[in-house]
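# Secondary and tertiary structure notes
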Amino acid sequence: MSRWLPFSCVDGPGNRLVLFLQGCNFRCPGCHNPHTMGLCDHCGDCVPGCPGRALAMQEGRVSWQAELCTHCDRCLDVCPRHASPKTRQMSVAEVLALLRRYGPLLTGVTVSGGEATTQLPFVIALFTAIKAAPDLARLTCLLDSNGSLGETGWQRLLPVLDGAMIDLKGWREPVHLALTGWGRERVLASLQLLAQAGKLAEVRLLLVPGRSDFLDATGALEEALTTFLLSLGPVPIRLNGFRHHGVRGEALSWPEAGSADLTVLANALKAKGFGSVMLPAI
């Protein structure tokens, strides 16, 4: 577990408890949380530079003491694996205890990442336990995902999943590959599968000025993209603009997406008949 939030109103509808799982199979240059990509291999590179002495090597493993941590993030900056030593193991029972603690104020739970489906057995076990608990069954179980999960995995998850929010970070294969390190085939298949199952809660388009390919040369929405999105049915579309917050490396030289850029894309979507288009608050 990278971290968890007791309350969030931006990770799905209503007020939600959000779990951010550690580990991601994509390698997006513009990732806002690159420290959630890798899993700690306990090399110890982060230990000497910790000013609060919150990190130590114990029996060959990096140990983190939260009460000593100053959250300077030096450990994240030096990690060669894009990992974080500031993680913890949480069981399904511990998450259920959190949900019972905050339950009266919650609409549901959202599991995010990193990429949540890299820990699919845990997600399935958690959602199954929530659905089976009389005092928690009212909570909706949502997933925030990059869409890389295969069909067999989705079929295992669907019975206990209320909805998934899926990122589409590029339309053409070369652009998607450049922005994520992965091809688009699995993502498109996931969007179609979830839409057919009635479990596609939201499509999220990432706008990176000068690199995204959602619009054609005339400024209109790409025809093939239009056809694909329309085939998914009346699914809400959320626009996310690239920002430098948390980004490392080459993507720091990329231009940020401003409100004007996002409005152009939103208007292009609406011109093609997409009614539910949400803009970020920037």
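Residues numbered from 1 in each chain as written. Predicted model: local features only at pLDDT ≥ 70, side-chain atom pairs only at ≥ 80, totals over all residues. Heavy atoms only, no water.

In the annotation of an unreviewed UniProt entry, the protein chain is listed under the name YjjW family glycine radical enzyme activase and assigned to Aeromonas caviae. The Cofactor (unreviewed entry) field of the UniProt record for the protein chain holds the comment "[4Fe-4S] cluster". The record in UniProt for the protein chain states the following under Sequence similarities (unreviewed entry): "Belongs to the organic radical-activating enzymes family." (UniProt positions renumbered as here; feature names shortened; annotations may be inferred.)

Bringing the overall build of the protein chain into the picture now. When helices and strands are tallied, the protein chain shows eight helices and ten strands. In terms of C-alpha radius of gyration, the protein chain reaches 20 Å, essentially the compact-globule figure of 19 Å for 282 residues. C-alpha atoms of the protein chain, sized along the principal axes, occupy 60 × 50 × 35 Å. Going through the 282 residues of the protein chain one by one, you find that 48% of them count as buried. Within the protein chain, contacts between residues separated by at least 24 positions form 64% of all contacts whose residues are at least 6 apart in sequence. Taking the 26 positively charged and 24 negatively charged side chains of the protein chain as two groups, their mean positions are separated by 5 Å. (Helix = DSSP H or I, 4+ residues; strand = E, 2+ residues; numbered from the N terminus. Rg over C-alpha atoms; globule rule 2.2 N^0.38 Å. Buried < 20%, exposed > 50% of the residue type's maximum accessible area, 1.4 Å probe, protein only. Contact = heavy atoms within 4.5 Å. Lys, Arg positive; Asp, Glu negative; His and termini not counted. Charge placed at Lys NZ, Arg CZ, Asp CG, Glu CD.)

As a further point, take the sheet that holds strand E9 (residues 237-241). Spatially, the eight strands line up as an open sheet ordered E1-E2-E5-E6-E7-E8-E9-E10, and their pairing is mixed. Single-partner strands in this sheet number two, and they are strand E1 (3-8) and strand E10 (277-278). Relative to the sheet, helix H6 (residues 185-196) contacts strand E7 (163-168) and strand E8 (200-207), its axis offset from that of E7 by approximately 150°. (Pairing = 2+ DSSP bridges. Axes fitted to C-alpha atoms, helices over the stretch in contact; angles between N-to-C directions.)

This part takes up the state of the cysteines. Taken as a whole, this structure holds zero disulfides when the rule is applied. Sulfur of Cys31: no disulfide; nearest cysteine sulfur belongs to Cys28 and is 6.2 Å away. Summary of cysteine pairing: Cys50 is not part of a disulfide, and the nearest cysteine sulfur, belonging to Cys72, is at 6.1 Å. On the basis of relative accessible area, Cys50 is assigned to the buried category, the value being 18%. (Disulfide = S-S within 2.5 Å.)

With that settled, consider the side chain of Arg16. Relative to the helices and strands, Arg16 is located in strand E2 (residues 16-20). The charged side chain of Arg16 is buried without a salt bridge, its nearest counter-charge being Asp162 at 6.4 Å. Among the polar contacts made by the side chain of Arg16, one reaches the main-chain carbonyl oxygen of Pro13 at a distance of 3.1 Å. One polar contact links the side chain of Arg16 to the main-chain carbonyl oxygen of Thr140, over a distance of 2.8 Å. (Salt bridge = Lys/Arg side-chain N within 4 Å of Asp/Glu carboxyl O. Polar contact = N/O pair within 3.5 Å; in protein donor to acceptor, adjacent residues only side chain to side chain.)

It is worth spelling out the packing of aromatic side chains at this point. One pass over the structure, following the stated rule, counts five aromatic pairs. Centre to centre, the rings of Phe26 and Trp182 are 5.4 Å apart; their planes meet at 40°, and the pair counts as tilted. On the criterion of sequence distance, the pair formed by Phe26 in the loop between E2 and strand E3 (55-58) and Trp182 in the loop between helix H5 (173-180) and H6 is long-range, its members being 156 residues apart. For Phe26, a relative accessible area of 3% gives the class buried. Each ring, one from Phe242 and one from Trp254, has its centre 5.5 Å from the other, and the planes form 50°; the classification is tilted. Here Phe242 is found in the loop between E9 and helix H8 (259-271), whereas its partner Trp254 is found in the loop between E9 and H8, with twelve residues between them in sequence. The exposure class of Trp254 is buried, given its relative accessible area of 5%. Each residue in the set Trp4, Phe7 and Tyr102 is aromatic and connected to the rest through ring pairs, giving one cluster. Above the ring of Phe20, the side-chain terminus of Arg3 is found at 4.4 Å from the ring centroid. Over the ring of Trp171 we find Arg184; its NZ or CZ atom is 4.6 Å from the centre of that ring. (Phe/Tyr/Trp six-rings, centres within 6.5 Å; stacked < 30°, edge-to-face > 60°. Lys NZ or Arg CZ within 6 Å of the ring centre and 35° of its normal.)

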